[in-house]
Amino acid sequence: MPTVLLMGASRGIGFELARQYIQEGWRVIATARSDEGLERLKALGAQTLRLDVANPASNSGLSWQLDGEKIDLAIYVAGVVDRNSASNPPTRDRFDAVMHTNVMGAMQVIPQIVPMVQETKGVIACISSIMGSQQETTSGNAALYRVSKAALNMVVRCTQAEQPDVTVLAIHPGWVQTDMGGAAAPLTPEQSASSLRQTLNRILEQRDPKHRGAFLNHDGQTLPW
Ligand SMILES: NC(=O)c1ccc[n+]([C@@H]2O[C@H](COP(=O)([O-])OP(=O)(O)OC[C@H]3O[C@@H](n4cnc5c(N)ncnc54)[C@H](OP(=O)(O)O)[C@@H]3O)[C@@H](O)[C@H]2O)c1
């Protein structure tokens, strides 16, 4: 039975990924930072860990909590959005909240899980966004969020460069009906998670070097950086 680690799975896309992987027979280790989130995940049948990715002290405990694990697939899902445009500069607190969650957390937890993913020659996927694509950006809306996802994409590239034994990639989940995506989004969490799973399962099966350091859409199409 393969093992997936989902970091930031209390609700939204992460929670739906947990539900679907459990339904598919995977062993799911899922993290949340709140009691309610942890309870929801336990009720699904996931093994749970408390993790606040914006808190270095919390991040530093991840590797011992996962001591001895072999992980086939690790997905960094946690994220927060800021919708201010580029002409409306962020406060330092807002900058820190978004960059700590979307970037620092990934930079602190991924090195801890690399050895466990190396055991299976598996995959580390970061849930990024097309809004982090420099080439595709023609609007300054949600500027800080775009900056954070572009930075997360670079975390993927740097990690891949140092870790040739695992596949590290960035993946866009589509525009999804979650608290973040809102009701007008075209994809349900079920559709997004299903498509993400199919793409990531294919990548795990193929172990094709072309997926190393890639930036992909949820359906597997390559996205421009
Ligand atoms: N929805 C979209 O249209 C869309 C599009 C492109 C990319 N994305 C990306 O997809 C990912 C999931 O988004 P979503 O739509 O599912 O959003 P969501 O419903 O707002 O869920 C966000 C998730 O991130 C977790 N999180 C936030 N800060 C955290 C922290 N400090 N530590 C641990 N977990 C934290 C939340 O946990 P709490 O419950 O504790 O807050 C929650 O589980 C994000 O990275 C987002 O940027 C979403």
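Parameters at a glance
Residues numbered from 1 in each chain as written. Predicted model: local features only at pLDDT ≥ 70, side-chain atom pairs only at ≥ 80, totals over all residues. Heavy atoms only, no water. Core = buried A, V, L, I, M, F, W, Y, C linked by side-chain atoms within 4.5 Å. Buried < 20%, exposed > 50% of the residue type's maximum accessible area, 1.4 Å probe, protein only. Helix = DSSP H or I, 4+ residues; strand = E, 2+ residues; numbered from the N terminus. Contact = heavy atoms within 4.5 Å. Pairing = 2+ DSSP bridges. Axes fitted to C-alpha atoms, helices over the stretch in contact; angles between N-to-C directions. Right-handed = clockwise from strand over helix to strand, strands pointing away. Near = heavy atom within 4 Å. Polar contact = N/O pair within 3.5 Å; in protein donor to acceptor, adjacent residues only side chain to side chain. Areas by Shrake-Rupley, 256 points an atom, 1.4 Å probe, with all protein chains shown as cover. 1 Å grid on protein atoms, 1.4 Å probe; cavity = no way out; pocket = protein on both sides within 12 Å on 5 of 7 lines; lining within 4 Å. Sits in = over half its atoms within 2 Å of the grid points. Nonpolar A, V, L, I, M, F, W, Y, C, P; charged D, E, K, R; others polar.

*Asks:* Where do I start with the nonpolar core in this structure?
*Replies:* Within soluble globular proteins, side chains that are nonpolar tend to cluster in buried spots. If you look at the biggest cluster of nonpolar residues, it comprises 33 residues, and the most contacted ones within it are Leu5, Met7, Leu62, Leu66, Ala74, Tyr76 and Ile110. Breaking this core down by element, the ones donating at least two residues are strand S1 (3-7), strand S4 (73-76), helix H5 (92-118), strand S5 (123-127), helix H6 (143-162) and strand S6 (167-172). Not counting residues within four places of it along the chain, the set of residues in contact with methionine 7 comprises Thr31, Leu51, Leu62, Ala74, Ile75, Tyr76, Val77, Ala78, Val109 and Ile113. Core analysis: the next-biggest nonpolar cluster, separate from the first, contains 31 residues, Val123, Ala125, Leu196 and Leu204 among them.

*Asks:* Honestly, the sheet that holds strand S3 (residues 47-50) in this entry has me stumped. Any pointers?
*Replies:* Sheet strands pair via backbone hydrogen bonds, and the direction of the pair is either parallel or antiparallel. Taken in spatial order, the seven strands make up an open sheet running S3-S2-S1-S4-S5-S6-S7, and their pairing is parallel. In the strand order of this sheet, the two ends are held by S3 and strand S7 (215-217), each with one partner. Mean inter-strand twist for the sheet, computed between neighbouring axes without regard to direction, equals 20 degrees. Judged from the four bridges that link them, S4 and S5 form a sheet pairing that is parallel. Within S5, the position partnered with isoleucine 75 by the bridge is alanine 125. The strands touched by H6 are S5, S6 and S7; relative to S6, the strand with the most contacts, the crossing angle is about 160 degrees. The sheet strands contacting helix H7 (residues 189-206) are S4, S5, S6 and S7, and the helix crosses S6 at an angle near 160 degrees.

*Asks:* So what exactly am I meant to see when it comes to the pairing of S4 here?
*Replies:* Put simply, side chains in a regular strand alternate between the two faces of the sheet. Burial along S4 is two-sided: the residues Leu73 and Ile75 and Ala74 and Tyr76 are all buried. Here four bridges tie S1 to S4, and the two strands are oriented parallel to one another. Each residue of the ladder has a partner; that of leucine 5, found in S4, is alanine 74. In this view, the connection linking S4 to its parallel neighbour S5 by way of H5 has right-handed handedness.

*Asks:* Honestly, the site of the ligand in this entry has me stumped. Any pointers?
*Replies:* As a structural note, the neighbourhood of the ligand is formed by 29 residues, with Ser10, Arg11, Arg33, Tyr145 and Thr178 the closest of them. In the model, an oxygen atom of the ligand is placed 2.7 Å from a nitrogen or oxygen of the arginine 11 side chain. Contacts to the ligand include arginine 33, whose side-chain N or O atom sits 2.7 Å from an oxygen atom. A total of 880 Å² of accessible area belongs to the ligand in isolation, and the protein chains cover 94% of it. According to the grid-proximity analysis, the pocket containing the ligand is the largest pocket. When contributions to the shell around the ligand are tallied by element, the ones reaching two or more residues are helix H1 (12-23) and H6. Tallied by class, the residues present in the shell around the ligand amount to 13 nonpolar, 11 polar and five charged.

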